[in-house]
Amino acid sequence: MPNDNLHKRRNDERQRRKTDIKNQRKGTWLIVTEGEKTEPNYFEEAIKDFNNGLNEDEKIKLDIMGQGMNTLSLVKSAEEFVYEVDKYRNKTPIYSKVFVAFDKDSFDDTLFDEAIKFCENQGWIPLWSNEAFELWFMLHFNYNDAALSRNLYKEKIEEYFKTSGLKYKYKKNDKDIYSLLKQYGSLEKAIERARKLHLEEHKNDKPSESNCCTTVYKFFEDLDETKKY
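Because the structure is a prediction, the values reported are computed rather than measured.

**Quick word on the layout of surface pockets**
Right, so step 1: In this model, the largest pocket occupies a volume close to 310 Å³.
Right, so step 2: Every residue lining the largest pocket is counted, 16 residues in all, and those nearest its centre are D49, F50, L223, D224 and K227.
Right, so step 3: Contributions of two or more residues to the lining of the largest pocket are made by α2 (38-51), α7 (177-184), α8 (187-201) and α9 (217-226).
Right, so step 4: It is α9 that contributes the most residues to the lining of the largest pocket, four residues altogether.
Right, so step 5: Counted by class, the lining of the largest pocket contains eight nonpolar, one polar and seven charged residues.

Okay, structure coming up:
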């Protein structure tokens, strides 16, 4: 009997998870970004690539807001935006998932850590990078666990592209960056490397102390999760 009960609980949990994933796919996801162009361009192309070839009911609908704000102002703006949308939905949330993407850059350590905690308390997924979003781009080519200044990212990205066979001058707002990274680098390796940095190299560190580290991989893990159902 105990084994039967355990089997039933596990089966019920799997069914609930399957239902949750299906509901998430039916809803619209929201990404609010600190940058006004670089991150929105990247995520827009990523979701287009994911949806390519899928039936309409299988596609993820994504709203992207590029705010150009500092860290804590950004997450508070996301809260206000979701609240305003929900007011007109008879208290039924329109967004099944909310991501907030922002960088450490030169922001105060306490402010950065508070912003991440704020997101987590709201049930949102913070896609933070220390120091900059471009770290995620670099991880498409190579694993790096050494602290880097954001001033070095452009040089490193161009160097990696050159080694991979493309003479490329990195521009922050390049709409082709997603497809170029996928062609000359590896999205799968970037996910693997970012996960290792976050969960192994910096598992005991505060985000503000985790240079270099990024959680952008979580967005793609959630996309992959929807493919299972």
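**Some remarks on the pattern of salt bridges**
Any two side chains of opposite charge can pair if their charged atoms end up close together.
Right, so step 1: The full count for this structure, using the stated rule, is eleven salt bridges.
Right, so step 2: Between D222 and K97 there is a salt bridge whose closest N-O contact spans 2.8 Å. Here the residue D222 occupies a position in helix α9, and K97 occupies one in strand β3 (residues 95-103), the gap between them amounting to 125 residues.
Right, so step 3: We classify K97 as buried; its relative accessible area is 13%.
Right, so step 4: The salt bridge involving D109 is made with K104; its shortest N-O contact spans 2.9 Å.
Right, so step 5: Within this structure, E44, E45 and K48 form a network of salt bridges that share partners.

**Here's the deal with the sheet that holds β3**
Think of a sheet as strands paired side by side through backbone hydrogen bonds, with each pair either parallel or antiparallel.
Right, so step 1: Pairing is mixed in the open sheet, where five strands are placed in the order β2-β1-β3-β4-β5. With one partner strand each, in any of the chains shown, β2 (61-66) and β5 (213-214) form the two edges of the open sheet.
Right, so step 2: Bridge analysis of strand β1 (residues 28-33) against β3 gives six bridges, and the strand direction is parallel. Bridge assignment links V32 to a residue of β3, and that residue is V100.

**Observations regarding the nonpolar core**
Right, so step 1: Core analysis: the biggest nonpolar cluster contains 44 residues, and Y42, F43, W136, F137, F161, F219 and F220 have the highest contact counts within it.
Right, so step 2: Residues contacting F161, with those up to four places away along its chain left out, are F141, L166, Y168, I177, L180, L181 and Y184.
Right, so step 3: Residues L30, M65, L74 and Y95 belong to the second largest nonpolar core, which totals 21 residues.

Rules of the game
- Residues numbered from 1 in each chain as written.
- Predicted model: local features only at pLDDT ≥ 70, side-chain atom pairs only at ≥ 80, totals over all residues.
- Heavy atoms only, no water.
- 1 Å grid on protein atoms, 1.4 Å probe; cavity = no way out; pocket = protein on both sides within 12 Å on 5 of 7 lines; lining within 4 Å.
- Points joined across faces, edges and corners; volume = space filled by probe spheres on them.
- Helix = DSSP H or I, 4+ residues; strand = E, 2+ residues; numbered from the N terminus.
- Nonpolar A, V, L, I, M, F, W, Y, C, P; charged D, E, K, R; others polar.
- Salt bridge = Lys/Arg side-chain N within 4 Å of Asp/Glu carboxyl O.
- Buried < 20%, exposed > 50% of the residue type's maximum accessible area, 1.4 Å probe, protein only.
- Pairing = 2+ DSSP bridges.
- Core = buried A, V, L, I, M, F, W, Y, C linked by side-chain atoms within 4.5 Å.
- Contact = heavy atoms within 4.5 Å.

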